[in-house]
Structures are given as structure tokens and as C-alpha cells.
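Each chain is listed here by its residues.
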Amino acid sequence: MPRTLITSAIPYINGIKHLGNLVGSQLPADLYARYCRARGHEVMFICATDEHGTPAELAAAKAGKPVAEYCAEMWQVQKDLADGFRLSFDHFGRSSSPQNHRLTQHFAGRLDAAGLIDERTSEQVYSVADGRFLPDRYIEGTCPNCGFEDARGDQCDNCGKLLDPTDLIEPRSTVSGATDLEVRETKHLFLRQSQLKDRLDQWIDSQEGWPVLTTSIAKKWLHDGDGLQDRGITRDLDWGIPVRKGDAPWPGMEGKVFYVWFDAPIEYIAGTAEWADATGGDWERWWRTDKGADDVRYVQFMGKDNVPFHTLSFPATLLGSGEPWKTVDYLKSLNYLNYDGGQFSTSRGRGVFMDQALDVLPSDYWRWWLLSRAPESSDTEFTWEAFQTDVNKDLADVLGNFVSRVTKFCRSKFGETVPEGGTPGAPEAALIARLSEGLATYERHMDAIEIRKAAGALRALWVAGNEYLQDAAPWSTFKTEPEHAAMQIRLALNLIRLYAVLSRPFIPDAAAAMLRAMGTEDDGWPDDVSAALAVLAPGHAFEVPEVLFSKITDAQREEWATRFAGKRE
RNA sequence: GGCGGUGUAGCUCAGUUGGUUAGAGCAGCGGAAUCAUAAUCCGCGUGUCCGGGGUUCAAGUCCCUGCACCGCCA
């Protein structure tokens, strides 16, 4: 049995994610996980919240809560939303877990033992009133270049000039507004990625068939300018994983934590360990090639902004450890989803956020639209007009109506059982041939994680059913040859079950409703279309389901377009 | 400023390693059917493939250059 390890980029703890974030990693990862399971793979699908760092601390402070409490609450919020979108994680972990503490410290210790860690001293701005060092962008002041009063320590938003925090006139902390800032020396650990440049380069060259987007980004970072830069992996913060060398203290690094980008990807492994601790499973057989993971295929999903960390930083950690860790085999990166001519904006509340989306429509609507229009080769655009017409057409008209017309016709002519009689002929053979070919196409695209193409292939299968029905015209044959009509409609009823099975990765709820209506639990992936279309035998009872997808009206569309146009607090 | 991406039918986008008359879905127009959520099915596209050079027997597909939009970085 093939074994597939799947991870989705882990969403930051701070706030609810929008649809662009969702379609960038979690949703396509879920599609693939569901597909692999349906094809009989042993699947481990891991996601988590990314909880460390300054933004989390500040968000907690704003909410008036201890950061640990804030994170625990927001984890639950994100978990519930993930459930709402039917994201089928085997485990949804937390980067703040004890497992991740242990593993992160372990990796740091190994990297140090391999001579890949440097201690370097630098100067950073310290806020006496806040009792902490401030990252550059949390310092504001007057721009020395243009006089803009709210320039940040890294750059002036008004004139665009790049700044050093010490350039600012009358600098202040954005955390507290304090002005008693001073420059202090501080020591940090650096991962010597530059030492691993050639190994990483080779490793990337050895990968087959990665998307151009992925390799071009990685190659750029490897070869651009002075090449791959060493990276600071610690910070002067309270909230995070304490710097330790494995189980031992790290002299001189007391009170410091690992940088969020060092510990976040390690949470993929730690999340699996969390799963193991919760279920009694074995996480090492997914991650250690010396302990059973050598036959695992590991696939990662992420937005394009995360590519450097997954092609370089995280592999540097794994390879640099000198231990036989499983590295990614295929990395699926996605572009951005834009919202109606601009970007989604968390701060301005522009666009649709996960909670709002579920508020407005069932998850299948979103899953289908986002996946079937996934931003694979370029950024893509969400508009309410497109969403309405696409969803109404694909889901309500083509698939939903097929289920309706078949079940209702059968009920009125034969009752709510699969009718018997009649003999399939050439049109039925042609349909099966066409479906077999279409199924192969669908599988090929899904195997390759070509999401839009897979959605198109699936839709084509739905269309094939409508075309068959149109040509077969059981409403017409029923008048003269009722047995022939019975055969035709029996085939059509079986098509509903087949569609449920094949569509399930995209629209799990609707698929479950279809199976329920067909009165069957047989959801096995079809090896043979002909056999799959004979599962529901004559005499088998079914029910006419509720309308699977009601249509989005113009009034709804207009209301939503207005509601989500922007300015949420 | 540096880097990367994008620019293909009204709209959203496909177009493999350059190779027959450039495609899909939606929208639009015409028709068939009436089982169905007025849903379905069939037919219909003379597009400067952003502009300009170049390489080639052959370029949307490679090279140079210009323009436009987007993003990232310092």
C-alpha cells in the first residue's frame, strides 16, 4: 500500500484566515489527502497553528490575555473553522506543543554538533519601558528623509526609503509608545545555511517535476547575489521555544527563544508526534528513513511566499542534522487569490474570511469554486459574479440537477427502488467507454496534483451523464418500452453513486448526501466503470434527496459583494 | 533601485521539450427536448496570442528590446 505524508503550510495563530490563505495550502492539501485515501493510500495529513513570534504576543496583549491563553483560544477557533471546511487532518497540532519544543531543541543541538551554528553579536533596539527588544518594524518615528511621522524602523511607508531603526527621529515603541529606547548588544544563533548551499543545490537538482514556481524561487535564493545567506534562528522574546542544545542548557543564550521560522516547519514532524501521543501511533515511521519512512512519499502544500523556507531553510535543518530525516518529495506551491481587483486585506477586512464564508454558504460551494479555480500557474481572481455563475452552473445545474432529474423521474415512473429489466446496448457501452477514459484523465490529473485540470475532468464526467440521459431520453422510451427505460434509469441511478465517490475529495458533504440518498455505503474507488455502474442492483431502495445545491441569487450576490467590500473594524 | 511574475476570444484562464486550420469554461446567438433546481443537450469564435526587432524551414512557445500591470526584496 502506498504511503503518503501530506503537510499543509501552518497558518499563523493571529486571527482568522481568508479564502486566499485557505486555497493556498490547506484546501488543496485536503483535496489530495482525500484523494489518496480514496485510492487506498495510507495517509498522514498534518497541519497545525504557527503560534510563536511577536505578532502573537502583541495580538494577545491587545486582547488583554496571556499569550498562551490567547493561542489556545485561537487554536480552537481555527480548528473549528478547519472542521467547518471539512479539512480532514489526521492531526491539527500546535507549534507550541511540548513535542515541538523537544524536537526543535534537538535539531538545534544536532546542527550545533555539526558545526552549523554560529553565535553572533549584534546591536538591537531595546525598550526599557516594555522590557524587551523590539523588532525593527515595531519601532516608529519621524522619517529623516521625508519627515513622515509614522515611518517604521525598517522602511518609511510614505517615501519608501529603507531605514535602520537608529535613523528615525524621535523613535518610539509601537508596543507601548515608550520613547526610552536604547541600543543594546545581544547575541544570537545563526544557522550557517551558506555551508549547506551546495548540498541544497544538489538536492533541488535531484527533484523531478517540481513546479517551475518552486524551483525558480529556490534557485534564485541559492544563487542570487552572494548566494544563500546564514540565518538568525533565535530572538529576544518570552514567547517561544527556549534555546537549548538538545536537553542541555545553551550557555549565554538564557532567556532567548528560537525564531518562529526555525520551529514552525519542525512542527510538521512534531505534529505527527502529537498525533502519535494521542493515538498510540508511531510517528517515526513517517519521518525517519531508518525507521520505516523510506517508502513514504512526502508532499507539501504552500503559498508561493513560503517556498524559500520549505526549499531551503527547513531542508537545511533536516540535512544539516546529519540524521536520516524524510525530506519533501513533491512541493506544490500556489499563487495568490485576489479579491475583486485587489488583494485580500486582513487589516481592512477586504474579502471573505473563513468564518464569514461558512456563514454565507455551505463549505462545498467554496471548496468547489476555490479548487476548480485554484491559482496554480498564476494569481487568480475572485469575483462574486464569477463565483455565482460558476457555482450555479457546475454544482446546481450540471451535478445537482442530474441527481434531481434522475431520482425524481424514477420515483414517478418506477417508485423509489432501482427498477429491473431491459438490456444495455451500444449507447451504454459508449458511455462506459467514455467514462473509463474520463476517469483515467481525472486520476492522471489528481495524481499529478493538477487541481484545475482535475476539476475540469470531473466536471466532464458529470456532463457525460447529462448527455447520455439526453440521448437515451428515458421519458420518451418509457412510453413504448418501459423495460428499456428501466435499464437506462438504473444506469443513471448508479451514475449518481459513482459521481459521489469520484467527487468526494472536492465536495465531501454533497457526496455523502448522494450516497445516503442512494442508500449505500459502498464508496469504493472504481477499478472498473462497468462494474461500478452495477453496484445498485434492481430492487435496491433509494430516496430522492433534498436539492443538493440551491442557486445563488442575484440579490444574495449583490448583498455579499457589498458586505465584504472592505473596512471591517 | 534589484529581482521575479504576468500580459492569449466580452470575462476567468489552458496552451507540454518551438511544428498541422490557437483551445476550455462562463457569458452571447440559434436550435432540440420537456425527466429535472427554466435545469439539460446540440450548433455557432475573421482573436494584431501587449508592441518592435531577431534566430529558425517553422514561434503564443526561444533571444534582444520597449510598454503595462502585479508581487517580492534590500
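Residues numbered from 1 in each chain as written. Chains lettered and ligands numbered in written order. Predicted model: local features only at pLDDT ≥ 70, side-chain atom pairs only at ≥ 80, totals over all residues. Heavy atoms only, no water.

A. Representation of the layout of surface pockets in the model. Taken as a whole, the second largest pocket holds about 240 Å³ of empty space. For the second largest pocket, the lining is made up of 14 residues, of which Asp509, Ala510, Ala513, Arg516 and Leu548 are closest to its centre. Contributions of two or more residues to the lining of the second largest pocket are made by α11 (363–372) and α17 (508–517). Ranked by the residues each element gives to the lining of the second largest pocket, the list is headed by α17, at five residues. (1 Å grid on protein atoms, 1.4 Å probe; cavity = no way out; pocket = protein on both sides within 12 Å on 5 of 7 lines; lining within 4 Å. Points joined across faces, edges and corners; volume = space filled by probe spheres on them. Helix = DSSP H or I, 4+ residues; strand = E, 2+ residues; numbered from the N terminus.)

B. Seen up close, the packing of aromatic side chains. Under the criterion given, the structure shown has 29 aromatic pairs. For the ring pair tryptophan 366 and phenylalanine 387, a centre distance of 4.5 Å and an interplane angle of 15° mean the geometry is stacked. In this pair, tryptophan 366 sits in helix α11 while phenylalanine 387 sits in helix α12 (residues 384–413), placing the two residues 21 residues apart along the sequence. With centroids separated by 6.2 Å and ring planes inclined at 20°, the aromatic side chains of tyrosine 442 and tryptophan 525 adopt a geometry described as stacked. Placement of the pair is tyrosine 442 in helix α13 (residues 426–447) and tryptophan 525 in the loop between α17 and α18 (529–532), with a sequence separation of 83 residues. Each member of the pair, tyrosine 442 as well as tryptophan 525, is classed as buried. Taken together through their ring pairs, the aromatic side chains of Tyr339, Trp366, Trp369, Phe382, Trp384, Phe387, Trp560 and Phe564 make up a single cluster. If you follow lysine 245 out to its NZ or CZ, it ends over the ring of tryptophan 250, 4.7 Å from the centre. A cation sits over an aromatic face here: arginine 288 above tryptophan 325, 4.9 Å from the ring centre. (Phe/Tyr/Trp six-rings, centres within 6.5 Å; stacked < 30°, edge-to-face > 60°. Buried < 20%, exposed > 50% of the residue type's maximum accessible area, 1.4 Å probe, protein only. Lys NZ or Arg CZ within 6 Å of the ring centre and 35° of its normal.)

C. Here's a closer look at the sheet that holds strand β6 (residues 139–142). Judged by pairing direction, the sheet is antiparallel, and its three strands sit side by side in the order β7-β6-β8 without closing on themselves. Single-partner strands in this sheet number two, and they are β7 (151–152) and β8 (169–173). In this structure, β6 lies alongside β7, joined through two bridges in antiparallel fashion. Directly across from glycine 141, in β7, lies its bridge partner alanine 151. (Pairing = 2+ DSSP bridges.)

D. Representation of the packing of α13 against helix α16 (residues 482–503) within the structure. One way to put it is that α13 packs onto α16 with a least axis distance of 13 Å and a crossing angle of 5°. Relative to α16, α13 is oriented roughly parallel. Across the interface between the two elements, Glu428, Leu431, Leu435, Leu439 and Tyr442 of α13 pack against Met487, Gln488, Leu491, Leu495 and Leu502 of α16. Along the lines of polarity and charge, the residues of the contact of α13 with α16 split into eight nonpolar, one polar and one charged. (Axes fitted to C-alpha atoms, helices over the stretch in contact; angles between N-to-C directions. Parallel < 35°, antiparallel > 145°, perpendicular 65-115°, else oblique. Contact = heavy atoms within 4.5 Å. Nonpolar A, V, L, I, M, F, W, Y, C, P; charged D, E, K, R; others polar.)

E. A look at the domain arrangement of chain A. With domains assigned, chain A is organised as domain 1 (3–115 + 192–234 + 242–334), domain 2 (117–191) and domain 3 (383–532). The distance between the C-alpha centroids of domain 2 and domain 3 comes to 61 Å. (Domains from an automatic or database assignment.)

F. Local environment of the environment of alanine 59. Following the sequence through the fold, alanine 59 ends up in helix α2 (residues 54–63). On the basis of relative accessibility, which here comes to 15%, the residue alanine 59 falls in the buried class. Sequence separation of alanine 59 and tyrosine 70 is eleven residues, and the distance between their C-alpha atoms is 8.2 Å. Every residue in contact with alanine 59, bar those within four places of it in the chain, is listed here: Asn14 and Tyr70.

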